[in-house]
Amino acid sequence: MAFEPREEQKELKYKELRIYSDEELNNYTEEELKGFKIKHEIPVCEELEKGPWPSFVADAKREALHRRKLADDRMMIERDVVEDLLGQLEISFKEGETHWKHGGIVGVFGYGGGVIGRYSDLPDKFPSIAHFHTMRVNQPASKFYSSDYLRSICDLWEYRGSGMMNMHGSTGDIIFLGTFTEQLEPIFYELGHVLQQDLGGSGSNLRTPSCCIGRARCEWACYDTQDMCYELTHYYQDELHRPAFPYKFKFKFDGCPNCCVASIARADMSFIGTWRDKIQVDQKAVKAYTGGEIKPNAGAHAGKDWGAFDIQKEVIDLCPTRCMRMEDGRLEINDAECNRCMHCINVMPQALRPGKDTGVSILLGAKAPILEGAQMSLLTIPFMKVEPPYDNVKENVIEPVWDWWMEEGKNRERLGELIQRQGIQKLLEVLNIPPMPQMVKEPRSNPYIFWKEEDVPGGFKRSIEDYRSRHAR
Amino acid sequence: MALSTERLGLYNPNKPMENRLTDLGPRHFWQYFPPIIQKNYGKWKYHEILEPGILVHVAESGDKVFTVRCGGCRFMTVEHVREICDIADKHCDGYVRFTTRNNIEFMVDSQNKMEALKKDLNSRKHVSGSYKFPIGGTGAGLTNIVHTQGYIHCHTPATDASSMVKAVLDELFDYFQGMTFPAQVRISMACCLNMCGAVHCSDIALLGYHRKPPIVDNEVLDKVCEIPLVIAACPTAAISPTKTEDGKKSVKIKEERCMFCGNCYTMCMAVPLADKVGDCVTIMAGGKVSNRISPPKFSKVVVPGLPNNFPRYPEVCQSVKQILEAYAADANKYERIGDWAERIGWERFFEKTGLPFTEHLIDDYRLAYDTYRTSSQFKYTEASWNVSRAVGGIE
Ligand code: HEM
Ligand code: HEM
Ligand code: HEM
Ligand code: SF4
Ligand code: SF4
Ligand code: SF4
Ligand code: SF4
């Protein structure tokens, strides 16, 4: 099945878009790099060039050398930006304190996010990083790229920025690390007009949504994570760019309960793929596993000798609901009791697969510890069918929750904190759904119920005279 | 249309709203899928890990896609990204993907192409000797460490991120390239309590933490900050309004109430916390996000504060190794670090890892009582005998 993007996508050809020539791109040799010293002494940083793991210092130095050898008019910000960054990093290591100033309100017109302002507090020493603003570039769903696209991004960013970036930031965006205020608008124009590419979110608004690899390469995806991520990101562009929320809000899309993008820990609204029919079982393949013909867990444990595969010990006894058993050489699953933890499927991917009647569970309210401690998302909607354009999710879940949060949320209060403050009871009202035992680990152990007046026969209004007519003072 | 080279490109500062394009969103994902992914989208049958870092996914059509996963620094220059593009062009028809944990994945459609790709990747090293594209990060092994900005870009860090990740992964490199653990191990790193990486549900979390209350910059506070907002920012109500001797409005901090969260500094630049010896590294362990077998869980604090010993953090590396070695030796197959600790009991966790249990590890924040043990079920370890001895219960 092929997808229709919401708008026609300009084809990007590097050879038509490029800024730098091949000579400019290959302007130094390995030999020169070996002997290369940046203009500051950085022995502590250089210690990090040793060791097998890729060294970001070694990488930074080659960009520094590359910039040294570009002509003056081939970079719109200072050529020394990488060298100055390393120089400041060295001082931070020596002093054990950062040298970036607190914030700074910069951005592009009309957007409340996408740019994080940053200034060095040592601008005289490191003038090339006096301004060092980052820009967040909204990644394509699940982070596949063509080299045409990446090379074009590289030329743009080397020409108008530091040439340093994050692939990717924690929320998912490509992060352009460090440019001057003057270049923010020009970069935004190049991105939009030439690359048909927008910025991501920051500030009190919808943050850039992200998703797992899903159907592109994973047999367990229970819904189309990429498509849903793409559709909701586009549909809610206004919420993403123009802060109108009490605080940040994140969507993340996991295709199954393995949660590869950690939605349950990181998203105010976590979408986790699941199913409501039976696990698909191929009994022949089960035999192949028990017979030792196929390695368990797709070979994930190959580095150590764990002995022969024992289906009883490794699958049936570890099933958290004990809903499986072997009967006459067949694996029987009592699917009604299964809680879809994915363990058996992970162990025997060639024999077991999620069911066919799939959808999502929606969980609400995860956040990192600031302020009242970390929270994970709370199971709110057990199962929901999701098909483009996802109107049921938009109209019945996302928008009512946002309306409530925008109405009641205090400044810098995440959704999870509001749920804690006002209770699941309020959330039920907002979503117009009945309570279910699945929302809690166990019922409450205190009887301090906030009975509502309408719950109690006769209401709360009573007269003391009436009471006194029966009880003396 | 080529990328422009004029100083301000397509932007006209005299008419800033002219031709402004907004709300374009991200580009569509479909065009970036290699043909074999497009063809088999949603029709994958199963996958296998052929060796550490190498996956094969088999489609219902019989097509196979081979993936080579390499560790990447999340901090990358355009020079590195161009090299990634060169590899993608040479072996993968120009396609490449990045994972959530900052790994780079190259995909090809045959075993032969995979072998050539592997050889090429292994041969690429920085001039100073480190790999550019180490292969690994799959199965019951250690994958890449996700992390935040630290001294590279942020104003609130209590430690640095890129350097700590480099130091720890150098130490644990064999685990990245092997699959010798009982289950997968996910390490995450955040340089302050804001936890931009949301590290609180990781097998091991490395966290920068301030340990000295803010210093108040009375000279400017009232000019640069909204005093009520600063006061409201503090979760423990440690901040109150005051006047300096020369009559300036400012705030004062009740030091014994401060838990060093830095939230006041987020609201106001005039109350910095950073300090060379005050700032430290906290290690948390036993969290996870997957629902496999047991539900997702939070990481727990197991080492309260280690020094920021730049650039190699030997104490941090050592503690992480102690946890991983004890886990690898003792846990059952499929058991994550948190599941293992719960099965053997946290008292045994501290015994087996050799990490000291100090009073800092006992919760004294809100809801602390929920973590107290209210049962007579426990295991005897040296720590329990020390208590018996101290009260004269035994010799
Ligand atoms: C109260 C909590 C938080 C505060 C005050 C906060 C503050 C900040 C600040 C100041 C930066 C700028 C760093 C720089 O200079 O580039 C930043 C970056 C970022 N934050 Fe947060 N943050 C918080 C929580 C989170 C969480 C929980 C996440 C993700 C789950 C997150 C995701 C990001 C991302 C993706 C960036 C961009 C840089 C990066 O990837 O590390 N933040 N945050
Ligand atoms: C038992 C639990 C889990 C299983 C069986 C599992 C399985 C997998 C599989 C098969 C892939 C490869 C997908 C592909 O290449 O097509 C994958 C990728 C991934 N998983 Fe999981 N996963 C589990 C738990 C987790 C957890 C707990 C996390 C995060 C804390 C996580 C994060 C990721 C990430 C980020 C990727 C992308 C590749 C990478 O960055 O290394 N997974 N997982
Ligand atoms: C705010 C909550 C509570 C209040 C105001 C309260 C109040 C009282 C009062 C006034 C009495 C004495 C009645 C008398 O005159 O004989 C009493 C007795 C009792 N309460 Fe509570 N109580 C509360 C919560 C609880 C809870 C949570 C439990 C159990 C877990 C509990 C268990 C008992 C028992 C067992 C007795 C009877 C003791 C006896 O046999 O003399 N109470 N409570
Ligand atoms: S979350 Fe599930 S569907 Fe998505 S990549 Fe991970 S294992 Fe596959
Ligand atoms: S998915 Fe989990 S709960 Fe369901 S049968 Fe498999 S192991 Fe048991
Ligand atoms: S975790 Fe803290 S110090 Fe690190 S980037 Fe985020 S806000 Fe900055
Ligand atoms: S660091 Fe946190 S606890 Fe301490 S004064 Fe600031 S806001 Fe309050």
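Residues numbered from 1 in each chain as written. Chains lettered and ligands numbered in written order. Predicted model: local features only at pLDDT ≥ 70, side-chain atom pairs only at ≥ 80, totals over all residues. Heavy atoms only, no water.

Draft legend 1. Broad picture of the coordination of the iron atom of ligand 1. No protein donor other than Cys196 of chain B (SG) coordinates the iron atom of ligand 1, and that contact is at 2.3 Å. Along the polypeptide, Cys196 of chain B turns up in the loop between β7 (187-190) and β8 (204-209). (Donors = N, O, S within 2.8 Å, 3.2 Å for Na, K, Ca; no water. Helix = DSSP H or I, 4+ residues; strand = E, 2+ residues; numbered from the N terminus.)

Draft legend 2. Structural context of the pairing of β7 of chain B. Residues and elements named next belong to chain B. On β7, burial covers both faces: Ile187 and Met189 on one face and Ser188 and Ala190 on the other are all buried. Relative to β8, β7 runs parallel, the two being bridged by four bridges. When the bridges of β8 are listed, Ala190 appears paired with Leu207. (Buried < 20%, exposed > 50% of the residue type's maximum accessible area, 1.4 Å probe, protein only. Pairing = 2+ DSSP bridges.)

Draft legend 3. Representation of the environment of Gly409 of chain A. Residue and element names in this part refer to chain A. Checked against the element boundaries, Gly409 lands in the loop between α15 (391-408) and α16 (415-431). Exposure remark for Gly409: the relative accessible area of 18% places this residue in the buried category. In this structure, the C-alpha to C-alpha distance between Gly409 and Gly201, residues 208 residues apart in sequence, is 20 Å.

Draft legend 4. Fine view of the interface of chain B and chain A. At the interface, 144 residues of chain B touch 161 residues of chain A. Carbon and sulfur atoms make up 59% of the area that chain B and chain A hide from each other, which totals about 13800 Å². Its largest share of buried area at the contact with chain A, chain B owes to Leu3, Arg27 and His153 of chain B, together 7% of the area lost on that side. Inspection of the chain B/chain A interface yields 12 salt bridges. We note a salt bridge from Asp23 of chain B to Arg242 of chain A, for which the minimum N-O separation is 2.7 Å. Inspection of the region where chain B meets chain A yields 88 residue pairs in polar contact (both at pLDDT 80 or more). For the side of chain B that touches chain A, the element with the highest residue contribution is helix α2 (residues 78-91) of chain B, accounting for nine residues. When grouped by side-chain class, the residues that make up the side of chain B that touches chain A number 72 nonpolar, 42 polar and 30 charged. As paired strands, strand β4 (residues 164-167) of chain A and strand β4 (residues 75-77) of chain B are joined by three bridges and run antiparallel to one another. Directly across from Met165 of chain A, in β4 of chain B, lies its bridge partner Met76 of chain B. (Contact = heavy atoms within 4.5 Å. Buried area = accessible area lost by both parts, 1.4 Å probe. Salt bridge = Lys/Arg side-chain N within 4 Å of Asp/Glu carboxyl O. Polar contact = N/O pair within 3.5 Å; in protein donor to acceptor, adjacent residues only side chain to side chain. Nonpolar A, V, L, I, M, F, W, Y, C, P; charged D, E, K, R; others polar.)

Draft legend 5. Quick look at unusual backbone geometry. Residue and element names in this part refer to chain A. The omega torsion across Met167 and His168 is 5 degrees, close enough to zero to call that bond cis. A cis amide bond, omega 0 degrees, links Pro388 with the succeeding residue Pro389. In this structure, Pro389 sits in the loop between β14 (378-384) and α15. Its identity as a non-glycine residue notwithstanding, Ala262 has a phi of 55 degrees, on the positive side. One can find Ala262 in the loop between β7 (251-254) and α11 (263-266). Overall, Ala262 belongs to the buried group, its relative accessible area being 14%.

Draft legend 6. Region of interest: helix α6 (residues 81-95) of chain A. With 15 residues, α6 of chain A ought to run about 21 Å at 1.5 Å a step, and its terminal C-alpha atoms sit 21 Å apart, in line with that. Counting buried positions along α6 of chain A yields 13 of 15 residues, so the element is predominantly enclosed. (Expected span 1.5 Å × (residues − 1).)

Draft legend 7. Just the state of the cysteines, in detail. Residue and element names in this part refer to chain B. The full count for this structure, using the stated rule, is one disulfide over all chains. A disulfide bridge connects Cys225 with Cys268, and the sulfur atoms are separated by 2.1 Å. Its S-S torsion of about 75 degrees marks the bond between Cys225 and Cys268 as right-handed, since a negative value means left-handed. Residue Cys225 is located in the loop between α6 (221-224) and α7 (227-233), and its partner Cys268 is located in the loop between α8 (263-267) and β11 (280-285); the two are separated by 43 residues in the primary sequence. Classification of Cys225 as buried rests on a relative accessible area of 7%. Residue Cys268 is classed as buried on the basis of its relative accessible area of 0%. (Disulfide = S-S within 2.5 Å.)

Draft legend 8. Looking closely at the sheet that holds strand β3 (residues 144-146) of chain A. Strand order in this open sheet of six strands is β3(A)-β5(B)-β6(B)-β3(B)-β2(B)-β1(B), and the pairing throughout is antiparallel. With one partner strand each, in any of the chains shown, β3 of chain A together with β1 (44-51) of chain B form the two edges of the open sheet. The average undirected angle you get between the axes of adjacent strands in this sheet is 30 degrees. Summarising the sheet, β1 of chain B and strand β2 (residues 54-59) of chain B pair through six bridges and their orientation is antiparallel. Each bridged residue has a counterpart across the sheet, and for Tyr46 of chain B the counterpart in β2 of chain B is Val58 of chain B. Against the sheet, α2 of chain B engages β5 (95-98) and β6 (104-108) of chain B, with an angle of about 15 degrees to β6 of chain B. (Axes fitted to C-alpha atoms, helices over the stretch in contact; angles between N-to-C directions.)

Draft legend 9. Molecular detail of the sheet that holds strand β8 (residues 269-275) of chain A. Residues and elements named next belong to chain A. Spatial ordering of the open sheet is given by β6-β7-β8-β13-β14, a layout of five strands whose pairing is mixed. Each edge of the open sheet is held by one strand with a lone partner, namely β6 (210-211) and β14. Relative to β7, β6 runs parallel, the two being bridged by two bridges. In the strand pairing of β7, Ser210 is matched with Lys252.

Draft legend 10. Seen up close, the nonpolar core. Grouped together as the largest cluster of nonpolar side chains are 114 residues, with contacts concentrated most on Met165, Phe251, Met269, Phe271 and Ile362 of chain A together with Phe106 of chain B. A domain split of this core shows at least three residues from each of domain 1 (14-194) and domain 2 (210-275 + 358-455) of chain A. Sequence-distant contacts of Met269 of chain A, that is, excluding residues within four places in its chain, are made with Phe249, Lys250, Phe251, Lys252, Ile362, Leu363, Leu364, Val397, Ile398 and Val401 of chain A. (Core = buried A, V, L, I, M, F, W, Y, C linked by side-chain atoms within 4.5 Å. Domains from an automatic or database assignment.)

Draft legend 11. Layout of the confidence of the model for chain B. Averaged over chain B, the pLDDT score is 95; the fraction of residues at 70 or greater is 100%. Predicted as a complex, the structure gets a pTM of 0.85 and an ipTM equal to 0.95. (pLDDT = per-residue confidence, 0-100.)

Draft legend 12. The packing of helix α9 (residues 314-330) of chain B against helix α11 (residues 346-353) of chain B, seen in detail. Residues and elements named next belong to chain B. Close contact between α9 and α11 brings their axes to 9 Å; oriented N to C, the two are set at 110 degrees. Comparing the axis directions of α9 and α11 gives the class roughly perpendicular. Contacts between α9 and α11 involve Gln322, Ile323, Ala326 and Asp330 on the former and, on the latter, Phe349, Lys352 and Thr353. Per-class residue counts for the contact of α9 with α11 are three nonpolar, two polar and two charged. (Parallel < 35°, antiparallel > 145°, perpendicular 65-115°, else oblique.)

Draft legend 13. Representation of the environment of Glu95 of chain A within the structure. Residues and elements named next belong to chain A. Checked against the element boundaries, Glu95 lands in helix α6. Glu95 gets classed as partly exposed once you look at its relative accessible area, which sits at 36%. On a C-alpha basis, the gap between Glu95 and Asp357 in space is 58 Å, while along the polypeptide they are 262 residues apart.

Draft legend 14. A look at the packing of α15 of chain A against α16 of chain A. All names here are of chain A. Look at α15 against α16: their axes get within 11 Å of each other, and the N-to-C directions meet at 125 degrees. Viewed along their axes, α15 and α16 adopt a mutual orientation that is oblique. In this structure, α15 meets α16 at a crossing whose hand is right-handed. Along the contact surface, α15 presents Asn396, Val397, Pro400, Val401, Trp404, Trp405 and Glu408, while α16 presents Leu415, Leu418, Ile419, Arg421, Gln422, Lys426, Leu427, Val430 and Leu431. Looking at the contact of α15 with α16 residue by residue, the classes come out as 11 nonpolar, two polar and three charged. (Left-handed = near helix turned anticlockwise from the far one by under 90°.)

Draft legend 15. Layout of the side chain of Thr77 of chain B. With respect to the secondary-structure elements, Thr77 of chain B resides in strand β4. Residue classification places Thr77 of chain B among the buried positions, given a relative accessible area of 0%. Side-chain polar atoms of Thr77 of chain B contact the side chain of Asp59 of chain A, separated by 2.8 Å. Not counting residues up to four positions away in its chain, the partners in contact with Thr77 of chain B are Asp59, Ala60, Glu63, Gly163 and Met164 of chain A.

Draft legend 16. Representation of the pairing of strand β11 (residues 330-333) of chain A in the model. All names here are of chain A. Residue alternation in β11 divides its side chains into a buried set, Leu331 and Ile333, and an unburied set, Arg330 and Glu332. In the sheet, strand β10 (residues 324-327) pairs with β11 via four bridges, with the strands oriented antiparallel. Residue Met326 lies in a different strand from β11, and its bridge partner there is Leu331. Linking two consecutive strands that pair antiparallel, namely β10 and β11, is a turn of two residues; a positive phi of about 50 degrees is found at Asp328 within it.

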